[in-house]
2 protein chains.
Amino acid sequence: MRVLVIGGDGYCGWATALYLSNHGHDVGILDNLVRRHWDAQLQVETLTPIAPIQTRLQRWTDLTGKSIDLFVGDINDYPFLESAMRQFQPEAVVHFGEQRSAPFSMIDREHAVLTQVNNVVGTLNLLYVIRDHFPDCHLVKLGTMGEYGTPNIDIEEGYITIEHNGRKDTLPYPKQPGSFYHLSKVHDSHNIHFACKIWGLRATDLNQGVVYGVLTEETGMDEVLINRLDYDGVFGTALNRFCIQAAVDHPLTVYGKGGQTRAFLDIRDTVRCVELAVANPAKSGEFRVFNQFTEMFSVGDLAAMVKKAGSAMGMKVEINHLDNPRVEAEEHYFNAKNTNLLDLGLHPHYLSDSLLDSLLNFAVKYKQRVDHAQILPRVKWRR
Amino acid sequence: MRVLVIGGDGYCGWATALYLSNHGHDVGILDNLVRRHWDAQLQVETLTPIAPIQTRLQRWTDLTGKSIDLFVGDINDYPFLESAMRQFQPEAVVHFGEQRSAPFSMIDREHAVLTQVNNVVGTLNLLYVIRDHFPDCHLVKLGTMGEYGTPNIDIEEGYITIEHNGRKDTLPYPKQPGSFYHLSKVHDSHNIHFACKIWGLRATDLNQGVVYGVLTEETGMDEVLINRLDYDGVFGTALNRFCIQAAVDHPLTVYGKGGQTRAFLDIRDTVRCVELAVANPAKSGEFRVFNQFTEMFSVGDLAAMVKKAGSAMGMKVEINHLDNPRVEAEEHYFNAKNTNLLDLGLHPHYLSDSLLDSLLNFAVKYKQRVDHAQILPRVKWRR
């Protein structure tokens, strides 16, 4: 299939684009490269040295004989988006092209507004260009498990059947997101749902958990194809950050009590989940929601696992409980369903000692690149 | 109390500003006057000839001895908003200042984007200025009953208690809005809820039904204070539009079967509901939701009532069922709760024959101003 990966220069997008290309799809990448610019502005850097996009793509072609089309530009620029789509003629669009950090969105008013306008308008533009030129194109949109927050009942996949005063209906699952970033994804979900209903578009919302890991079969083929790995207080996510902290003898930074439970998955499952969604498109008019994760852990559990794995490798790993910079429940019920992707054939990579060993070894390999000043959280939710 | 009415030059805002001023509050109006500009661009006009804002305010002072501060500018312009708020020092802000037409938001991509960016960013700016300078200020925000859509269960006021798999929680009521405008209000609700939670702000979301009527005690004091009355296909709402159509011998334009049931209220109750909300502020950290309406009618019922009242006055009223330009259920369950405002002391004005007589007479008085070309819907939900 012809698949356009929007945001294909990013952490999940790059791994996905190469995976789909390797598995026989005709892949295009559309990216405005702004994430590299934000890194520079925030003075943070991926642990791993990533190559420029044109170098990455040339190496991919040299290694595999496959080529990936590149469209550099912003989906907030409608004429550009329209022209790129008409040139590429996608059968499916995988949309990773959003500002994806909760702390980034909480820096100040300007970053909150940037995040919501960038994400909401980009997705609106995509809905209109699909409506006008590719009404059968399947939109595979990255959402987040964070849209649900931490309700005291089981989290279903996008919808819940409610019995109330003797009547019954299946309605969108209530959302309680925890940052202006997570809110932007909730806004997107509502907008896409509506577009499917009125225009008959087909869309799959992948409510993804926290992704960990750095190697996929494709990005591991060559150092030039290496994926980014963030450990800073703005873009770094829990498990990856802990492994890097362990590698440089920095105490693991657990926010608050650490009882915050979240959904997680290996990046090798991210790419496979996207392929499953692409290969099994939603029906016309259907707004389908998959919860894309494989396991649930508390942040404290993760820190303990990294400490154990690190100790077995001779590292001295400490765990620090920081004042929580976020506003979130630190002890709560959390039980989310994830059967839709398993039913389509996902065979999860579970978090294991060997994965932790490999992540820790990866972190050790690049530890000379770590800037300690980037590790601690600098953005607070409360004023 | 010192109350700033954002959007105070509009239909609901103007009536509210005068009512609050008349009832002893210190009132300011903040408005960018863009609605008058949009009317010009769309080549539509209110039935009633409205005076320029400065003329309106001067007449109000001449008649009552009360003055209303005026701030002309856009809440999307943060420095302007911040400066106006610091000058006025509000204890409550009533926020009507959004693009409020569903058809307007469905004209094309540009109008959808304009509506969502204008409404979402304006409200985000307001949340930040309140956080930074007036943390105790009560935000009274106009939402809409259209946020709920038409679920097959009773509609509660903002939240619903759900029992699921043996556990229970009270969660935000699921939203199924029917236009990019209604979606913008859902986005606002989520953003405001979050701001209350993390910053301890106090907010009341007034999910208002369709407003009808034109006279309030204050706007009826003098022709220069007259309120706008829209009958065009973009800004005109059901009952007002039907009365004007009857007055000019135009068939009433019922979209589709007319079984669409909605919540309604008299504009004299709009102003009273806002006063009740202002006088009884939400608690710090509380995101309170009131369903602001008094009665439910189907569009077909309304048309029949106007036909009956018009016939009694000697008018020949026909009802036309047009192809529905919107995508919406035309036969559905609809039962919404509205006890919160009644508990605070609202005594509703119910839709009556005498109200219909008065609205019809009003329409007859200004019928020479009607432009027939504006009446039919020009905006379609489907492509």
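Residues numbered from 1 in each chain as written. Chains lettered and ligands numbered in written order. Predicted model: local features only at pLDDT ≥ 70, side-chain atom pairs only at ≥ 80, totals over all residues. Heavy atoms only, no water.

Chemist: An account of the interface of chain A and chain B is needed here, citing residue identities and associated values.
Modeler: In this complex, chain A contributes 52 residues to the contact, which on the side of chain B involves 52 residues. Summing both sides of the interface, chain A and chain B together bury roughly 4900 Å²; the carbon and sulfur share of this comes to 65%. At the surface where chain A touches chain B, the tally comes to two salt bridges. In this structure, the salt-bridge partner of Arg383 of chain A is Asp132 of chain B, at a minimum N-O distance of 3.3 Å. Applying the counting rule to chain A against chain B returns 21 residue pairs in polar contact (both at pLDDT 80 or more). Counting only elements with at least two residues in the side of chain A that touches chain B, the list comes to helix H6 (109-133), strand E6 (159-164), strand E7 (167-172) and helix H7 (180-199) of chain A. (Contact = heavy atoms within 4.5 Å. Buried area = accessible area lost by both parts, 1.4 Å probe. Salt bridge = Lys/Arg side-chain N within 4 Å of Asp/Glu carboxyl O. Polar contact = N/O pair within 3.5 Å; in protein donor to acceptor, adjacent residues only side chain to side chain. Helix = DSSP H or I, 4+ residues; strand = E, 2+ residues; numbered from the N terminus.)

Chemist: How would you sum up the packing of H6 of chain A against helix H6 (residues 109-133) of chain B? Please name residues and give values.
Modeler: Relative orientation of the contacting elements H6 of chain A and H6 of chain B amounts to 165 degrees, with a least axis distance of 10 Å. What the angle tells us is that H6 of chain A and H6 of chain B run roughly antiparallel. In this structure, H6 of chain A meets H6 of chain B at a crossing whose hand is right-handed. Together, Arg109, Ala112, Val113, Gln116, Val117, Val120, Val121, Leu124, Asn125 and Tyr128 of chain A of H6 of chain A and Arg109, Ala112, Val113, Gln116, Val117, Val120, Val121, Leu124, Asn125 and Tyr128 of chain B of H6 of chain B make up the contact between the two elements. Within the contact of H6 of chain A with H6 of chain B, the residues separate by chemical class into 14 nonpolar, four polar and two charged. (Axes fitted to C-alpha atoms, helices over the stretch in contact; angles between N-to-C directions. Parallel < 35°, antiparallel > 145°, perpendicular 65-115°, else oblique. Left-handed = near helix turned anticlockwise from the far one by under 90°. Nonpolar A, V, L, I, M, F, W, Y, C, P; charged D, E, K, R; others polar.)

Chemist: Got a sec to walk through the relation of the copies chain A and chain B? Specific residues and values, please.
Modeler: For the match of chain A to chain B, the screw axis carries a shift of 0.0 Å, the RMSD comes to 0.0 Å, and the turn is 180 degrees. Both copies are brought into coincidence by an operation consistent with a two-fold rotation axis. Take the interface residues of chain A: 100% of them recur as interface residues in chain B, which is what a same-surface contact looks like. (Least-squares fit on C-alpha atoms with pLDDT ≥ 70 in both.)

Chemist: So, the packing of aromatic side chains: which residues are in play, and what are the values?
Modeler: Taken as a whole and assessed by the stated rule, the structure comprises 20 aromatic pairs over all chains. With a centroid separation of 6.0 Å and an interplanar angle of 55 degrees, the aromatic rings of Phe180 of chain A and Trp199 of chain B are classed as tilted. Taken as a pair, Phe180 of chain A in helix H7 and Trp199 of chain B in helix H7 (residues 180-199) lie in two separate chains rather than in one. Exposure class is identical for Phe180 of chain A and Trp199 of chain B. Each is buried. A ring pair is formed by Tyr148 of chain B and Tyr173 of chain B, whose centres lie 5.4 Å apart and whose planes are at 90 degrees; its orientation type is edge-to-face. Of the two residues, Tyr148 of chain B is situated in the loop between strand E5 (138-144) and strand E6 (159-164) and Tyr173 of chain B in the loop between strand E7 (167-172) and H7; the sequence distance between them amounts to 25 residues. A relative accessible area of 0% means that Tyr148 of chain B is categorised as buried. Its guanidinium or amino end placed over the ring of Tyr148 of chain A, Lys175 of chain A lies 5.6 Å from that ring's centre, counting from NZ or CZ. (Phe/Tyr/Trp six-rings, centres within 6.5 Å; stacked < 30°, edge-to-face > 60°. Buried < 20%, exposed > 50% of the residue type's maximum accessible area, 1.4 Å probe, protein only. Lys NZ or Arg CZ within 6 Å of the ring centre and 35° of its normal.)

Nothing here speaks to function; it is geometry throughout.
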